[in-house]
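Architecture and fold: a report
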Number of protein chains: 2
Amino acid sequence: MANKNVLIIGAGGVAQVVAHKVAQWAAEFGDLHIANRTQSKADAIVESLREKGHQMPFTSHALDAMDAGAVEALIRQVDAKIVINVGTAFINMTVLEGCIRAGAAYIDTAIHEDPAKVCETPPWYGNYEWKRREDVAAAGITAVLGAGFDPGVVNAYARLAEDEYFDKIDSIDIVDINAGSHGRWFATNFDPEINFREFTGTVYSWQGGEWRENRMFEVGREWDLPVVGKRTAYLSGHDEVHSLSARYKDADVRFWMGFGEHYINVFTVLQKLGLLSEQPVTLAEGQKVVPLKVVKTVLPDPASLAPDYEGKTCIGDLVKGTRDGNPCEVFIYNVADHKEAFTEVGSQGISYTAGVPPVAAAILIARGPWDVKQMANVEDLPARPFLELLGEMGLPTRVIDASGDRSI
Amino acid sequence: MANKNVLIIGAGGVAQVVAHKVAQWAAEFGDLHIANRTQSKADAIVESLREKGHQMPFTSHALDAMDAGAVEALIRQVDAKIVINVGTAFINMTVLEGCIRAGAAYIDTAIHEDPAKVCETPPWYGNYEWKRREDVAAAGITAVLGAGFDPGVVNAYARLAEDEYFDKIDSIDIVDINAGSHGRWFATNFDPEINFREFTGTVYSWQGGEWRENRMFEVGREWDLPVVGKRTAYLSGHDEVHSLSARYKDADVRFWMGFGEHYINVFTVLQKLGLLSEQPVTLAEGQKVVPLKVVKTVLPDPASLAPDYEGKTCIGDLVKGTRDGNPCEVFIYNVADHKEAFTEVGSQGISYTAGVPPVAAAILIARGPWDVKQMANVEDLPARPFLELLGEMGLPTRVIDASGDRSI
């Protein structure tokens with residue numbers, strides 16, 4: 001059987017990493033394609049692959065991924081068997097629909113969002129993706145949701161904890177610390193529109209068997225993590241809480257994101273003034289404008305941060321529970337380095353940690369173990385093959401428990 | 001001779017004050033008219049006059065004041081003899097042109113600005129207004145520039161110092177402190193677009209017989225003023241420096257604006273991110289948007305601050321020089337109260353201090369002493385009748401010198 005053709009949708013910082021990783025692991029796949037609304041951005045990624053000496057660059061395509069028919073047509077045209085969707089979060093449902101119609105496997109790294117809504121009713125996956133479960137199963141395709149780092153790898157960490165460390169899990173605290181520095185006055189590490197949308201709505205956490213609601217920056221806690229040391233992280237809303245809470249109903253599931261005071265100040269000013277609103281305002285001249293889109297436009301392109309980015313990220317799951325009747329605690333984590341990421345694939349560490357996992361997922365679909373012919377979140381799939389492959393691909397997993405700090 | 005008909009252009013917070021003051025002093029004028037791009041805002045002002053029991057409300061008109069022909073036509077239609085321009089700073093030249101063509105007196109309160117330019121070469125008046133001096137004289141009309149509080153009353157304070165306190169003036173430091181509180185998280189006291197444009201460009205001051213350039217918030221100084229006490233004010237660019245420096249060539253002329261840390265923080269975030277830019281940016285979706293106009297839209301309407309505004313403003317000129325060969329120093333100032341302003345005319349104190357002076361100027365034109373049939377800045381005109389009339393109208397002038405603190 002011929003190797004499976006791959007189609008990447010999107011051409012931002014994460015797509016750059018995905019493309020380089022797919023190219024590095026090209027032997028696992030068939031033909032390589034990359035499509036984006038603005039084709040020249042896809043071309044720039046192809047060019048960066050050539051500069052790295054990759055023999056098998058991608059064919060680029062212009063694609064309006066908000067048009068399911070256009071997605072379907074491109075999948076059929078290039079005979080793609082695996083679609084890696086790393087475009088904006090607004091295109092998930094149309095890309096998934098294109099995959100269902102054309103019979104291709106689907107992988108994404110973040111939850112679907114409606115441009116006009118922020119922070120919908122939990123669980124977020126229930127508003128869009130999970131409504132297509134039966135259709136995905138009926139089409140006989142595999143759809144892996146949220147296969148970036150967080151969500152994605154941190155979901156696999158929870159599953160690894162379930163499989164190998166615990167009889168019963170009482171709490172899962174996911175902590176995301178970026179201790180790197182980009183040297184700009186202010187920038188977001190990924191699409192500002194998506195970044196800010198994460199923090200303007202209600203912060204949902206799953207505690208005591210129910211959804212709890214907080215405001216952003218309302219609940220902070222100091223963490224002391226490997227490599228990055230003591231850092232303050234804040235209870236935040238995040239995709240993985242909305243799927244892990246379904247599998248681990250009896251556990252508390254929380255997500256903590258690290259922020260410095262400067263970020264919080266800028267965020268607070270923008271939010272208080274109403275500049276992070278996704279709802280259009282009407283200017284005196286009559287023009288209708290979404291303020292958040294203007295903020296996005298004036299901020300640095302996250303991809304442009306890569307050359308100067310220094311320092312490390314630490315993202316992991318602190319899992320508490322019992323084993324053989326005894327209470328125990330495990331921290332499963334990865335440390336990534338911004339400069340190493342840039343040297344390897346031309347992207348900063350945040351894009352790197354988000355972009356490598358969907359390629360590992362694609363490889364596991366191509367090889368078989370994850371080709372489950374249904375819709376799945378990452379914690380529904382075998383964790384060890386995924387984490388071991390990620391170790392080979394540049395994102396090693398470590399664990400700290402009573403026995404010390406070691407590789408899994 | 002019949003009393004002179006008045007046409008107010010604009011319907012913001014300052015126009016509200018102008019309309020109420022004209023109505024209070026209606027015996028000085030003929031028919032009253034108010035024109036605005038959005039006529040309903042002019043209607044709201046007329047309604048507020050009726051609520052105060054004024055017998056002679058304004059007739060409202062819709063007017064595109066960027067169209068000199070439309071301005072001329074309206075002036076002719078209503079037979080206006082005095083036009084008080086308190087619309088946006090972008091319309092000065094078209095309104096002035098309309099006045100020249102139709103033979104009406106012209107009064108404004110702020111310098112003309114080109115929407116696409118910030119902080120042009122000094123002196124600012126030389127870029128637009130002063131180029132029309134000959135045309136104004138040829139038309140035989142009176143045009144009083146910058147007749148608000150600052151510029152305006154502070155220019156008259158300088159002239160009063162020249163006339164009554166000094167043989168030689170060495171320095172004029174204008175200090176503007178708003179010690180009031182509007183209770184909002186953040187708001188500007190007048191049109192945010194004009195407010196921010198004042199501070200994003202080069203700060204020009206006239207020192208040592210030449211233009212000096214600084215950045216906003218680069219030079220701060222603590223002042224200890226009557227009523228408002230110790231406050232930090234920052235060297236800022238402002239209209240009056242650009243005319244006073246022409247009359248007082250041998251004096252240093254500086255403008256200082258008081259700011260709290262919160263204002264500076266918000267301003268700094270917006271400016272550093274590029275959100276105060278008057279130059280359009282292109283969104284990912286292709287739409288061209290001027291960031292500053294979006295900021296203006298999301299901020300509170302300055303007029304809406306009035307009901308909750310408390311506290312006082314202190315604005316004055318610290319003048320140093322010599323008299324009879326001895327060094328001397330005078331502080332000429334006004335203190336205004338936000339709540340009193342709201343009670344009287346339904347506007348906050350900043351609008352009040354800006355809106356009363358052009359009405360005093362209109363009365364002095366109607367009565368004769370300021371009907372000079374040429375273009376003039378306020379310091380070119382007799383100061384005492386203006387300041388005495390302002391005292392009667394609600395903006396009393398006080399002076400502090402070696403003899404103490406007293407009314408002029």
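Remember, it's a predicted structure, so these values are computed and weren't measured experimentally.

**Concerning the pattern of salt bridges**
In this structure the tally under the stated criterion is 54 salt bridges over all chains. One salt bridge connects Arg254 of chain A with Asp252 of chain A, and the closest N-O pair in it is separated by 3.6 Å. Given the relative accessible area of 11%, Arg254 of chain A is considered buried. The closest approach of N and O atoms between Lys293 of chain B and Glu193 of chain B, which form a salt bridge, is 2.8 Å. Within this pair, whereas Lys293 of chain B is found in helix α10 (residues 291–298), its partner Glu193 of chain B is found in helix α7 (residues 192–200), the two being separated by 100 residues in sequence. On the basis of relative accessibility, which here comes to 15%, the residue Lys293 of chain B falls in the buried class. Overlapping salt bridges, with partners in common, bring together Glu72, Arg76, Glu97, Arg101, Arg132 and Asp135 of chain A in one network.

**Side note on the environment of Ile141 of chain A**
Secondary-structure assignment places Ile141 of chain A in the loop between α5 (133–139) and β6 (143–145). Those residues in contact with Ile141 of chain A that sit more than four places away from it in its chain are Cys99, Ile100, Gly103, Ala104, Val136, Lys373 and Gln374 of chain A.

**What about the environment of Glu392 of chain A?**
Relative to the assigned elements, Glu392 of chain A resides in helix α13 (residues 383–393). In this structure, the C-alpha to C-alpha distance between Glu392 of chain A and Glu193 of chain A, residues 199 residues apart in sequence, is 32 Å.

**Comments concerning the pairing of strand β9 (residues 210–214) of chain B**
Look at any regular strand and the pattern is simple: side chains alternate between the two faces of the sheet. Residues and elements named next belong to chain B. Relative to β9, strand β8 (residues 203–207) runs antiparallel, the two sharing five bridges. The partner of Trp206 across the bridge, within β9, is Trp211. Turn length for the β8-β9 hairpin, with the two strands adjacent in sequence and antiparallel, is two residues, and the turn residue Gly208 shows positive phi of about 60 degrees.

**Structural notes on the relation of the copies chain A and chain B**
For the pair chain A and chain B, the superposition axis carries a translation of 0.1 Å, the fit reaches an RMSD of 0.0 Å, and the rotation angle comes to 179 degrees. Accordingly, the operation relating the two chain copies is best matched by a two-fold axis. The overlap is high: 100% of the interface residues of chain A also sit at the interface in chain B, so the same surface is used on both sides.

**Focus: the packing of helix α1 (residues 13–24) of chain A against helix α12 (residues 349–367) of chain A**
All names here are of chain A. Two numbers describe how α1 lies on α12: the axes approach to 8 Å, and their chain directions differ by 45 degrees. As far as their axial angle goes, α12 and α1 are oblique. Relative to α12, the crossing made by α1 is right-handed. From α1, Gly13, Val14, Val17, Val18, Lys21 and Val22 reach across to α12, where they touch Ser351, Tyr352, Ala354, Gly355, Val356, Pro358 and Val359. Among the residues making up the contact of α1 with α12, the classes are represented as nine nonpolar, three polar and one charged.

**Overview of the interface of chain A and chain B**
Taken together, the 27 residues of chain A in the interface contact 27 residues of chain B. Summing both sides of the interface, chain A and chain B together bury roughly 2400 Å²; the carbon and sulfur share of this comes to 73%. For chain A, the biggest contributors to the area lost against chain B are Trp185, Leu273 and Val298 of chain A; these three give 24% of the whole. Joining chain A to chain B, the criterion identifies two salt bridges. Put simply, Lys293 of chain A and Glu285 of chain B hold a salt bridge, and the shortest N to O gap is 2.9 Å. In this structure, the connection of chain A to chain B is made through five residue pairs in polar contact (both at pLDDT 80 or more).

**Some points on the sheet that holds strand β5 (residues 105–108) of chain B**
Residue and element names in this part refer to chain B. The seven strands are arranged β3-β2-β1-β4-β5-β6-β17 in an open sheet whose pairing can be described as parallel. Looking at strand neighbours, the two that pair on one side only are β3 (59–62) and β17 (375–377), the edges of this open sheet. Here the strands of the sheet are splayed against their neighbours by 20 degrees on average, with no regard to which way each runs. Docked against the sheet, helix α3 (residues 68–78) engages β1 (4–9), β2 (29–36), β3 and β4 (80–85), running at close to 145 degrees with respect to β1.

**Considerations on the packing of aromatic side chains**
Scanning the entire structure with this criterion turns up 34 aromatic pairs over all chains. Taking 5.3 Å as the distance between ring centres and 15 degrees as the angle between the ring planes, the aromatic pair formed by Phe331 of chain B and Tyr333 of chain B counts as stacked. Looking at Tyr333 of chain B, the relative accessible area reads 2%, which means it is buried. Put simply, the rings of Phe186, Phe196, Phe217, Tyr234, Phe259, Tyr263 and Phe267 of chain A pair up and form one aromatic cluster. The ring of Trp130 of chain A has Arg133 of chain A lying over it, and the distance from NZ or CZ to the ring centre is 4.5 Å.

**Quick notes on the domain arrangement of chain A**
Residues and elements named next belong to chain A. Partitioning chain A into structural domains gives domain 1 (4–149 + 348–393) and domain 2 (153–346 + 398–403). Counting from both sides, the interface comprises 44 residues of domain 1 and, opposite them, 46 residues of domain 2. In total, about 3800 Å² of surface goes out of reach between domain 1 and domain 2, with carbon and sulfur atoms giving 62% of it. Among the residues of domain 1 in contact with domain 2, Phe149, Gln348 and Glu379 are the three that bury the most area, contributing 22% of the side total. For the side of domain 1 that touches domain 2, the secondary-structure elements that each account for two or more residues are α1, α12 and α13.

Cut-offs and rules
- Residues numbered from 1 in each chain as written.
- Chains lettered and ligands numbered in written order.
- Predicted model: local features only at pLDDT ≥ 70, side-chain atom pairs only at ≥ 80, totals over all residues.
- Heavy atoms only, no water.
- Salt bridge = Lys/Arg side-chain N within 4 Å of Asp/Glu carboxyl O.
- Buried < 20%, exposed > 50% of the residue type's maximum accessible area, 1.4 Å probe, protein only.
- Helix = DSSP H or I, 4+ residues; strand = E, 2+ residues; numbered from the N terminus.
- Contact = heavy atoms within 4.5 Å.
- Pairing = 2+ DSSP bridges.
- Least-squares fit on C-alpha atoms with pLDDT ≥ 70 in both.
- Axes fitted to C-alpha atoms, helices over the stretch in contact; angles between N-to-C directions.
- Parallel < 35°, antiparallel > 145°, perpendicular 65-115°, else oblique.
- Left-handed = near helix turned anticlockwise from the far one by under 90°.
- Nonpolar A, V, L, I, M, F, W, Y, C, P; charged D, E, K, R; others polar.
- Buried area = accessible area lost by both parts, 1.4 Å probe.
- Polar contact = N/O pair within 3.5 Å; in protein donor to acceptor, adjacent residues only side chain to side chain.
- Phe/Tyr/Trp six-rings, centres within 6.5 Å; stacked < 30°, edge-to-face > 60°.
- Lys NZ or Arg CZ within 6 Å of the ring centre and 35° of its normal.
- Domains from an automatic or database assignment.

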